[in-house]
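Analysis of the macromolecular model
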Amino acid sequence: MSTQPAMINRYRWYELIGIYAGILAFLTFILAPFVEGFLVSLKPLSQLFSSPYRFIPQNGSFEAYRTMWVSVPGFARYIFNSFFISTIVTTVVLILVVPAAYAFARFKFKGSGQLLGAFLAVNMFSGAVLLIPLFRLMRTFGVLNTYFAIIVPGVAFLIPSAIWLLRTYMMRIPRELDEAAFVDGASHFYTLRRVILPIAMPGITVVAITTFIGSYAQQFIYALTFNSKTEYAPLPVGLFAYFGRQEVIWNELMAASFVGIAPAMIVIFFLQRYLVSGLTAGAVKQ
Amino acid sequence: MSVQRSTVIFAWILLLPAVLYVAVIVAYPLVDTFILSFTDASLKKTTNWVGWINYEKIFNSTFAEVIIRTFVWTFFSVSIKMIIGVFGASMLNSAVPGRALFRVLTMPPWIVPMAIGIFMWGWMYNGQFGMISGLLQRFGFVDSPVAFLAQGSTAFWATIITDVWIGVPLVTLYMLAAMQSIPQDLYEAAWTDGAGRFYRFRRITLPLLIPSLITMSMLSLIATFNSFDIIWILTRGGPSGETTTMIIDTYHTAIGSKKYGEGAARAVLICIFLSIFCLAYFRVTSRLSSGENR
């Protein structure tokens, strides 16, 4: 990247202004709800429910960040649940997907193309479409109102994109490596474990992160439908505890939202370079 | 390399766990939905075979309206996502100071649990105390508070905008990756020939982006068609059904009213639409990839 001629990327001043204005407009759209959400968390309720609207809080405080734990005592549990569920989901997805992605990346056999297509088709049916039979299935297994009711469907719908991402990554590992190991008398399994896995580790890490994010972000519909016990509720459902009978405690809801996403954001902040480079690498080298 | 028996067996051993899992959790329920759609399954103990009645009921209800609404909703949401996504990607693709930070700042709506982003929008749409109505009044665009989620027409667009907001980061980062995969020499050659920045974008970037654009719109189409959380949390399909899409209607019927049979028939219809998208997608991608690789 650094070897390219510098001249081509030199902008004139009006181009620079245009680009920064564009970025500003774009990021305003992306970030405005977060800014507003944060300011709401600083405002006392009386100020929230008063007109005219004020953007900047008057004598704002972090009071809501204290009272949120009192209003909803189970809140820490919701965060734990979200982390716990996402961790299990990610582990199970990796166990299922790493071998499968390797098989799709390396072996062509009768029906392999169709099978890959079938896996990708799973993505189409996520959401509400399968809720009724899944509900009956969970009831048959006796796992309604447990962690499993949220974990089991969560895993299934994260498998397709994980397989796709990892397969793409593994296809870029030179075949000569496998063949060299094979010529040396290594078994298929040994080749996978000792040759491919170490090289594929960056790809596996990216898949693990995206799966974790996906699981953390999307625990809503299954948790809403298959679990009615608050002790197993993940963050997105648990936040509804701030919806009172009369009105929503908005400042605490927003405070709780920021507390809930903080751990995930910290993780992502430290891994983002890895994440972006991993995702872009997938598209760069064909 | 000849395909040996042991290799095929090994491949299947690797695939078996994932295949079994998906078969039990996705394929079986899919078949079950299909069977249920011909029954009157509900909370009652007994379930009877009722033939096509559930499907007849669908077409005698307002469901046709729901189907059209779903398509309109999806069309606008996907188009706006693609436009903003390509715009954002081309901005973030410029070599300006701070771009690494700007890229990270694009991600939050995608990474944060959907429900949280939706709550924030829910508050911003609030008529009496919300930010959007408040700012519109402040700058004199409207005279009185606008309760965006309380009126059908504004609620329709409000849910679209929230859906766009959640979908844009992925589109942007994907299109950005696609832009960066365009060989730099092409730009340098054009630059040497004296082509301007805008010309280079129109003649090099856009044409080479088309495969990625198609892929992303298809993926986005499927995700948007299945969108549940946003409408459910913001409006539950209201007011008076004006944001009810097929998914929301199915949820109301199956989970809300416990009419599993009728809900299943709606779900089957959704599956048929999704399969059509799916087939179109594979058609297009296989054509694209055969053009690229061979």
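**What to know about the overall build of chain A**
A tally of helices and strands in chain A yields 12 helices and zero strands. If you list the helices and strands of chain A from N to C, you get α-α-α-α-α-α-α-α-α-α-α-α. Rg of the C-alpha trace for chain A: 24 Å, well past the compact-globule value of 19 Å for 286 residues, more than 25% over. The proportion of buried residues among the 286 residues of chain A is 43%. Of the contacts made within chain A by residues no fewer than 6 positions apart, 78% connect residues no fewer than 24 positions apart.

**Describing unusual backbone geometry**
In this structure, B:Arg236 takes a positive phi of about 55° despite not being glycine. On the secondary structure map, B:Arg236 appears in the loop between helix 11 (229-234) and helix 12 (246-256).

**A short note on helix 6 (residues 131-141) of chain A**
Within helix 6 of chain A, burial applies to A:Leu131, A:Ile132, A:Pro133, A:Leu134, A:Phe135, A:Leu137 and A:Met138. A:Gly142 sits one or two positions beyond helix 6 of chain A and adopts a positive phi of about 70°.

**Thoughts on helix 6 (residues 114-124) of chain B**
Extensive coverage of helix 6 of chain B is indicated by the burial of 11 of its 11 residues. All buried positions along helix 6 of chain B are accounted for by B:Met114, B:Ala115, B:Ile116, B:Gly117, B:Ile118, B:Phe119, B:Met120, B:Trp121, B:Gly122, B:Trp123 and B:Met124.

**Digging into the interface of chain B and chain A**
Listed per partner, the contact involves 78 residues of chain B and 78 residues of chain A. Take the side of chain B that touches chain A: its biggest share by element is 17 residues, from helix 1 (residues 5-36) of chain B. Classifying every residue of the side of chain B that touches chain A gives 58 nonpolar, 15 polar and five charged.

**Brief notes about the domain arrangement of chain A**
By a widely used convention, the size of an interface equals the accessible area lost when the partners come together. All names here are of chain A. Segmenting chain A into domains produces domain 1 (7-61) and domain 2 (71-284). Computed over C-alpha atoms, the centres of domain 1 and domain 2 are 32 Å apart. Each partner contributes to the interface: domain 1 provides eight residues, whereas domain 2 provides seven residues. Elements with a minimum of two residues in the side of domain 1 that touches domain 2: helix 1 (13-42) and helix 2 (45-48). It is helix 1 that provides the largest number of residues to the side of domain 1 that touches domain 2, a total of four residues. Considering only residue class, the side of domain 1 that touches domain 2 consists of five nonpolar, two polar and one charged.

**Considering the nonpolar core**
If you look at the biggest cluster of nonpolar residues, it comprises 163 residues, and the most contacted ones within it are A:Val97, A:Ala100, A:Ile159, A:Leu166 and B:Met175. Counting the residues that make up this core, at least three belong to each of domain 1 (7-61) and domain 2 (71-284) of chain A. Excluding its chain neighbours within four sequence positions, the residues that come into contact with B:Met175 are B:Gly85, B:Val86, B:Ala89, B:Leu209, B:Ser212 and B:Met216.

What counts and how
- Residues numbered from 1 in each chain as written.
- Chains lettered and ligands numbered in written order.
- Predicted model: local features only at pLDDT ≥ 70, side-chain atom pairs only at ≥ 80, totals over all residues.
- Helix = DSSP H or I, 4+ residues; strand = E, 2+ residues; numbered from the N terminus.
- Rg over C-alpha atoms; globule rule 2.2 N^0.38 Å.
- Buried ≥ 20, exposed ≤ 12 C-beta atoms within 10 Å, placed from the backbone.
- Contact = placed C-beta atoms within 7 Å.
- Nonpolar A, V, L, I, M, F, W, Y, C, P; charged D, E, K, R; others polar.
- Domains from an automatic or database assignment.
- Core = buried A, V, L, I, M, F, W, Y, C linked by C-beta atoms within 7 Å.

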